Amino acid sequence: MTILKVSGLSKSFGGNDVIRGIDLDVAKGERIAVLGASGSGKSTLLRCLNFMEMPDAGTITLDGKVVGRREAELTLVRQRIGMVFQQFNLFPHMTALGNVMEGLRTVRRMNKADAQARAERELARVGLADKAAHYPAHLSGGQKQRVAIARALAMDPELLLFDEPTSALDPELVGEVLGVIRSLAEEGRTMLLVTHELGFAYHVATRVIFLADGTIHEQGTPDEVLKHPKKERTQAFLARHKEFSL
Amino acid sequence: MAYQWDFTPVFANADLLAQGLVNTLKVTGASLACGLVLGLGFALMRLSRQRLVSWPAGFVIEVFRTTPPLVQLFWFFFALPLIAGIEMTPLLAAVVTFSIQSAAFFAEVFRAGIVSVERGQWDGARAIGMTHGQALRRIVLPQAVKRMIPAFMERAIELMKTTTLVATIAYTDLLFAANEIAQKTFRPLETFTVAALIYFVVITAFSLLARQLERHLAVSGESTVH
Amino acid sequence: MHQWDFASVLDNTDALAVGALGTLRIFAICLVAGLSFGLVVGLGRYSQRRVFYWPATAFVEFFRNTPVLVQIIWFYFALPILMPFSISPLAAASLGISLNSAAFSAEIYRGGIQSIDRGQWDGARALGMSFLQAMRRIILPQALKRMTPALTNRAIEIFKMSTLASAVAYVELLQQAKLIASLNFNPIEAYTAVAVIFFVFLWPLVQLTYVLERRLARDE
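The following paragraphs examine the structure supplied in this document. Within any chain, residue numbers begin from 1 and follow the written order of that chain's sequence. Both sets of labels track the order of writing: A upward for chains, 1 upward for ligands. With pLDDT at 70 or above as the cut-off, local features in this predicted model cover only qualifying residues; side-chain atom pairs require 80 or more to be listed or tallied, and sums for whole chains, interfaces and linings still use all residues. For the side-chain quantities, the full set of heavy atoms in the structure was used; hydrogens and water were omitted.

## A few points about the overall build of chain C
Then comes step 1: Only DSSP runs of H or I reaching four residues or more are called helices, and only runs of E reaching two or more are called strands; each is numbered from the N terminus. For chain C, the helix and strand inventory stands at nine helices and zero strands.
Then comes step 2: Ordered by position from the N terminus, the helices and strands of chain C form the series α-α-α-α-α-α-α-α-α.
Then comes step 3: C-alpha atoms of chain C, sized along the principal axes, occupy 70 × 50 × 25 Å.
Then comes step 4: Throughout this description, buried means an accessible area under 20% of the type-specific maximum (1.4 Å probe, protein chains only), exposed means over 50%, and partly exposed covers the range between. Counting across all 220 residues of chain C, residues that qualify as buried make up 51%.
Then comes step 5: In this analysis, two residues are considered to be in contact whenever any of their non-hydrogen atoms come within 4.5 Å of each other. Relative to all contacts within chain C whose residues are 6 or more apart in sequence, the contacts with residues 24 or more apart total 74%.
Then comes step 6: Here the accessible surface of atoms and residues is derived via Shrake-Rupley with a 1.4 Å probe, and residues count as covered only by protein chains that are part of the display. Carbon and sulfur atoms make up 65% of the accessible area of chain C, which amounts to about 10700 Å² in all.
Then comes step 7: We treat Lys and Arg as the positive residues and Asp and Glu as the negative residues; His and chain ends play no part in the count. To locate a charge, take atom NZ for lysine, CZ for arginine, CG for aspartate or CD for glutamate. When the 18 basic and 13 acidic side-chain charges of chain C are each reduced to a single mean position, those positions are 14 Å apart.

And the structure:
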């Protein structure tokens, strides 16, 4: 069952075409890894899906309904499509619990007790029940990213977008975040993941997309794309990532 | 023959000085409150991508930053009532002038503060479905305001000094009260010296408070904007 | 609806010209006196010798923490009592504005000098320069560049403060506007006209500070 359908998506910044007519269907339960060199448009593609960037052309269809451009519509879409950022973007003036509660309270207008119970559950799920009262400044990078994941999960998203969630982390902290994402995968969550962790993509993704020059250059199962790439540019990209061990 | 200082006539009129000080604080407080609200409005207008919205705010800010406060005060007190056909009291003229004037400065402080909040904070807020207004109110402004506090305090102190201009349109602030006492008692030296000292004590107290607050913010690791 | 009548203001161009000259004169006096005395006070604030530091600090604190209008009034009405001579409106206003500006610019100078890397002092001293030589030849030229935007801002403030001289009846633009307004019953046009004149004088200066600030931000 297709939950998200992208067609003819294009986006340019100041005359520079970053995304050039991408078509993409995302089915429920799919876990899509998006790969590509820097500047290939990975992050922009992701940011267009929940309208963090306004696409210049193309449509995005969510549950059979084309998404319009009115703010009220976009905020609803963003509640249904969660996003986790490279730089976490936690709110520094709120505790970990406050960060997770914020969407429930301000956007969903949930009462305080329910929001708190829900937020505590989400923090426990990412293994941070004991850090609820901590401010972001007192959390490690890995803990921050797990709070950010809990914040996205609290909104019950049908689709999760991860924009290089481990790229800003010290190497020894990458594992804990990937562990959380893996457990979400095991729950059968639908997700799109921009990442440089090729090994992780190979084991967790159900489909791999390789982007180049703002278009889908090659896509298929992890085996097809990562082990037996057909296109030259995909091969060149994989060759450059020597740390890639399957 | 050395001058014989005599402060007793000044102290005999202490109640008038006290009333003047209260009025000074009243004008300062009212202008500060209105200026903050108006300044936030100007800042949001300035940040708008709609030129029809951002340009008028920019124009008002420029005009009020580039003309002398006393000229503004005279304009609002003597000229505006004739144009608008309204009654204008000295107090109202002062509060209107100083509110818009502080708003013009606060607008820049607000704008700098809002711009200083990283883009990622807007992203984070929008990603959980917040509207622009919710993101501004819940996420961006609380962080921005904390960084703006020193600039606000500095401006508030400047404002209190500027309010002495109301004495020129005969509003009984501390300076005007001192002038009345000086004329009544023929003791301008003592009266104006006492008035200057009162200003000094009140303003110094405020700036010490401001410095304390700034140090407190510095300790908590917050950067500030000016 | 108000009938605008700027002809009555234009008839008094000569009075406004006298006012403009008065404004420029007091501006020039206070700019030179304020910024140069400010440098002396600023050096005092920078000094580690108490005889220089404490008086300079007391001066800065006092003049920054009292309203400039109160200072002008004090110099005009109170000071003559202690002096064997009378004090003109120009002298009283210039004293108030200059001392006030000196106090504010002193902090600009001090901050600018402090911002220069200690290595510059070392380099100058290693060549055998005295403190004053190092200050004049090496430190101040670099510090002045950083201080230019703030000092230009001070100049703008001095220009605006010059209107306060009208409180002691010194003949400057605002004082002349008062005169024109009372003679012709046209306060709207008279005050609008001086507001425009001030804007025309100050707008280029304000734009200059923006340019200087941007240039400094780029260079550093």
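## Thoughts on the interface of chain B and chain A
By a widespread convention, an interface's size corresponds to the accessible area lost as its parts come together.
Then comes step 1: Counting residues at the interface gives 17 residues for chain B, matched by 23 residues for chain A.
Then comes step 2: Defined in terms of a 1.4 Å probe, buried area is the accessible area two parts forfeit on being brought together, summed over both. Together chain B and chain A conceal approximately 1700 Å² of surface at their shared face, both sides included; 56% is due to carbon and sulfur atoms.
Then comes step 3: A per-residue breakdown of the area chain B buries against chain A is headed by Arg126(B), Ala127(B) and Ile128(B), which together make up 33% of the total.
Then comes step 4: Any carboxyl oxygen of Asp or Glu within 4 Å of a side-chain nitrogen of Lys or Arg constitutes a salt bridge here. Across the chain B-chain A interface, the total number found is two salt bridges.

## Things to note about the packing of helix H5 (residues 141-153) of chain A against helix H6 (residues 171-186) of chain A
Residues and elements named next belong to chain A.
Then comes step 1: Only the contacting stretch of a helix is used when fitting its axis, a line to C-alpha atoms as for every element, and angles between N-to-C directions run 0 to 180 degrees. In the contact formed by H5 and H6, the axes pass within 8 Å of each other and the chain directions differ by 20 degrees. Considering their axes alone, H5 and H6 lie roughly parallel with respect to each other. The hand of the H5/H6 crossing is right-handed. Between H5, through Gly141, Gly142, Gln143, Gln145, Arg146, Ile149 and Leu153, and H6, the contact on the second element is made entirely by Leu173, Glu176, Val177, Val180, Ile181 and Leu184.
Then comes step 2: Residues of the contact of H5 with H6, tallied by class, amount to seven nonpolar, four polar and two charged. An angle below 35 degrees is read as roughly parallel, one above 145 as roughly antiparallel, one from 65 to 115 as roughly perpendicular, and any other as oblique. Helix crossings are classified by the rotation of the near helix relative to the far one: an anticlockwise turn of less than a right angle makes the crossing left-handed, while a clockwise turn makes it right-handed. We call Asp, Glu, Lys and Arg charged. Ala, Val, Leu, Ile, Met, Phe, Trp, Tyr, Cys and Pro are nonpolar, and the rest, Gly among them, are polar.

## Focus on the nonpolar core
Then comes step 1: One finds Leu123(A), Ile149(A), Phe162(A) and Ile181(A) to be the most contacted residues of the largest nonpolar core, which totals 157 residues.
Then comes step 2: Among the elements that line this core, the one with the most residues is helix H7 (residues 132-162) of chain B, at 13 residues.
Then comes step 3: With residues near it in sequence (within four places) discarded, Ile149(A) still touches Val84(A), Val126(A), Phe162(A), Val177(A), Val180(A), Ile181(A) and Leu184(A).
Then comes step 4: With 31 residues, the next largest nonpolar core counts Ile22(A), Leu74(A), Leu159(A) and Leu211(A) among its residues. For this analysis, a nonpolar core means a set of buried residues of the types Ala, Val, Leu, Ile, Met, Phe, Trp, Tyr and Cys, connected via side-chain atoms within 4.5 Å.

## Observations concerning a nonpolar patch on the surface
Then comes step 1: The grouping of Trp5(B), Leu82(C), Met83(C) and Phe85(C) at the surface amounts to a nonpolar patch, some 390 Å² of accessible area in total.
Then comes step 2: Within the element layout of this structure, Met83(C) appears in the loop between helix H4 (68-82) and helix H5 (89-114). Excluding any residue in a salt bridge, patches collect residues exceeding 30% relative accessible area, merging like charges within 9 Å and nonpolar Val, Leu, Ile, Met, Phe, Trp and Tyr side chains within 5 Å.

## Looking at the pattern of salt bridges
Residues and elements named next belong to chain A.
Then comes step 1: Scanning all chains against the criterion turns up 26 salt bridges over all chains.
Then comes step 2: Notably, a salt bridge pairs Arg118 with Glu122, separated by 2.7 Å at the nearest N-O pair. Taken together, the residues Arg118 and Glu122, both in helix H4 (residues 112-125) and four residues apart, mark about one turn of the helix.
Then comes step 3: The class for Arg118 is buried, based on a relative accessible area of 13%.

## Here we look at the layout of surface pockets
Then comes step 1: Taken as a whole, the second largest pocket holds about 830 Å³ of empty space.
Then comes step 2: Lining the second largest pocket are 22 residues, with Arg49(B), Arg119(B), Trp122(B), Arg126(B) and His132(B) positioned closest to its centre.
Then comes step 3: Contributing elements (two or more residues each) for the lining of the second largest pocket: helix H2 (71-80) of chain A together with helix H2 (14-47), helix H5 (90-116), helix H6 (119-127) and H7 of chain B.
Then comes step 4: In terms of residue class, the lining of the second largest pocket is built from eleven nonpolar, three polar and eight charged. The rule is simple: put a 1 Å grid over the protein atoms alone, call a set of points where a 1.4 Å probe fits but cannot get out a cavity, call an open set with protein on both sides within 12 Å along at least five of seven lines a pocket, and count a residue as lining if it has an atom within 4 Å of a point. Grid points are joined across faces, edges and corners, and a volume is the space filled by probe spheres set on the points.

## Let's talk about the interface of chain B and chain C
Then comes step 1: Of the residues lining the interface, 36 residues belong to chain B; the matching set on chain C comes to 37 residues.
Then comes step 2: Across the chain B to chain C interface the summed buried area is about 3300 Å²; carbon plus sulfur atoms make up 77%.
Then comes step 3: Sorting the residues of chain B by area buried against chain C places Thr66(B), Val71(B) and Phe200(B) first, and these three jointly supply 16% of that buried surface.
Then comes step 4: At the boundary of chain B with chain C, the tally comes to one salt bridge.
Then comes step 5: N or O atoms closer than or at 3.5 Å make up a polar contact, with two conditions inside protein: a donor-capable atom paired with an acceptor-capable one, and, for residues adjacent in sequence, both atoms drawn from side chains. Viewed at the interface, chain C and chain B are joined by seven residue pairs in polar contact (both at pLDDT 80 or more).
Then comes step 6: Of all the secondary structure elements, the ones that give two or more residues to the side of chain B that touches chain C are helix H3 (51-65), helix H4 (69-84), H7 and helix H9 (188-219) of chain B.
Then comes step 7: The leading source of residues in the side of chain B that touches chain C is H9(B), at twelve residues.

## A short note on the packing of aromatic side chains
Any pair of aromatic rings gets described here by the distance separating the centres and the angle formed by the planes.
Then comes step 1: We call Phe, Tyr and Trp rings a pair once their centres come within 6.5 Å, taking the six-membered ring for Trp, and we label the pair stacked below 30 degrees between planes, edge-to-face above 60, and tilted otherwise. In total, this model carries 24 aromatic pairs over all chains according to the counting rule given.
Then comes step 2: Both rings, one in Tyr53(C) and one in Trp54(C), keep their centres 5.2 Å apart while their planes meet at 80 degrees; by these two values the pair is edge-to-face.
Then comes step 3: Geometry around Phe91(A) places Arg151(A) over its ring, the cationic atom sitting 4.5 Å from the centre.
Then comes step 4: If you follow Arg155(B) out to its NZ or CZ, it ends over the ring of Phe105(B), 3.6 Å from the centre. Note on geometry: a ring has a charge over it if NZ (lysine) or CZ (arginine) is within 6 Å of the ring centre and within 35 degrees of the ring normal.

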